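Structure assessment
Chain by chain, the residues run as shown.
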Amino acid sequence: ILEDASVVADWAARFVLQRITQFAPGPGRHFVLGLPTGGTPLGMYRRLIDFHKEGRLSFKYVTTFNMDEYVGLPRDHPESYHYYMWNEFFKHVDIEPGNAHVLDGNAPDLVAECRRFEDLIAAAGGVHLFIGGIGPDGHIAFNEPGSSLVSRTRVKTLAYDTLEANKRFFGNDISKVPRQALTVGVGTVMDAKEVMILITGVHKSLALAKAVEEGVNHMWTVSAFQQHAQALFVCDEDATLEL
Ligand code: GLP
């Protein structure tokens with residue numbers, strides 16, 4: 001538990017720096033990172049870009065997998081997660097474009113696209129560190145309430161609460177929010193060696209309480225990480241209101 005969102009961002013970025021540095025990536029030895037989008041991780045991305053500019057961190061031998069993507073938004077739509085990742089992070093660091101994997105929400109065969117993504121993660125040797133955020137309804141990636149806790153990457157229809165929470169990015173017009181997304185499964189994230197979840201703001205406080213103080217429950221999918229060997233929740237004080 002840290003003071004506020006900016007301290008969370010700084011702490012999370014330093015954690016990533018430390019993990020990548022400790023691993024000492026190099027040719028044929030990539031650090032594999034799972035990445036989220038949303039407002040919460042933006043501060044962390046900015047700090048990571050700073051570390052890169054200061055010469056303290058290279059992404060040359062880092063492979064990334066993003067958690068999710070909307071179905072049917074053009075890649076260059078400012079709210080697509082593809083656009084977000086390139087704009088907010090990838091274009092500012094030295095990652096090889098071919099190593100930055102974001103699900104393609106416009107693939108002609110979405111099921112095949114999800115399978116391809118899982119195969120790519122497996123071919124990379126699995127994820128070393130998966131970073132996530134959560135929705136106010138306790139979803140991790142787009143694993144909406146009721147998702148199987150052993151789910152894999154798949155197409156998911158978004159819950160009304162998620163459309164409500166995300167309409168702020170679509171001119172506050174809920175009808176503009178895509179109804180479906182591709183998302184890694186809870187099982188996909190559970191397979192990572194280490195998981196770090198960032199939670200800030202009072203609007204996430206019920207979800208945080210459900211995540212860590214009640215039983216594992218598929219209606220609050222982030223609660224699955226109680227059973228992960230190395231999962232870490234990094235929160236600000238506001239998010240702890242219900243603890
Ligand atoms: C979306 C994403 C999640 C993200 C959540 C929270 O629903 N699919 O991966 O964690 O938003 O976003 P924010 O950080 O903007 O609250």
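What you see is a predicted model; the values in this text were computed from it and never measured.

Some words on helix H4 (residues 110–123)
Helix length check: H4, at 14 residues, gives a terminal C-alpha distance of 20 Å against a target of 20 Å (1.5 Å per residue), a fit within 8%. The complete set of buried residues in H4 reads Cys-114, Phe-117 and Ile-121. Down the axis of H4, the buried set is contained in an arc of 55°. They therefore lie on one face. The exposed residues of H4 that point more than 90 degrees off its buried face are Val-111, Ala-112, Asp-119, Ala-122 and Ala-123. Residues of H4 that are buried make contact with strand E2 (62–66), strand E4 (100–101), strand E6 (154–157) and strand E7 (180–183). Within two residues after H4, Gly-125 carries a phi angle of roughly 90°, on the positive side.

Some words on the sheet that holds strand E3 (residues 68–70)
Spatially, three strands are ordered E3-E7-E6 in an open sheet, and the strand pairing comes out antiparallel. Of all the strands in the sheet, the pair left with one neighbour each is E3 and E6. Taking each pair of neighbouring strands and ignoring which way they run, the sheet shows an average axis angle of 30°.

Thoughts on the site of the ligand
Near the ligand there are 13 residues, and of these Gly-38, Gly-39, Thr-40, Gly-133 and Gly-135 occur at the shortest range. The residue makeup of the shell around the ligand, split by class, is five nonpolar, seven polar and one charged.

Basis of the calculations
Residues numbered from 1 in each chain as written. Predicted model: local features only at pLDDT ≥ 70, side-chain atom pairs only at ≥ 80, totals over all residues. Helix = DSSP H or I, 4+ residues; strand = E, 2+ residues; numbered from the N terminus. Expected span 1.5 Å × (residues − 1). Buried ≥ 20, exposed ≤ 12 C-beta atoms within 10 Å, placed from the backbone. Arc of directions from axis to C-beta. Contact = placed C-beta atoms within 7 Å. Pairing = 2+ DSSP bridges. Axes fitted to C-alpha atoms, helices over the stretch in contact; angles between N-to-C directions. Near = placed C-beta within 6 Å. Nonpolar A, V, L, I, M, F, W, Y, C, P; charged D, E, K, R; others polar.

Such coordinate-based values are descriptive only and should not be taken to indicate function.
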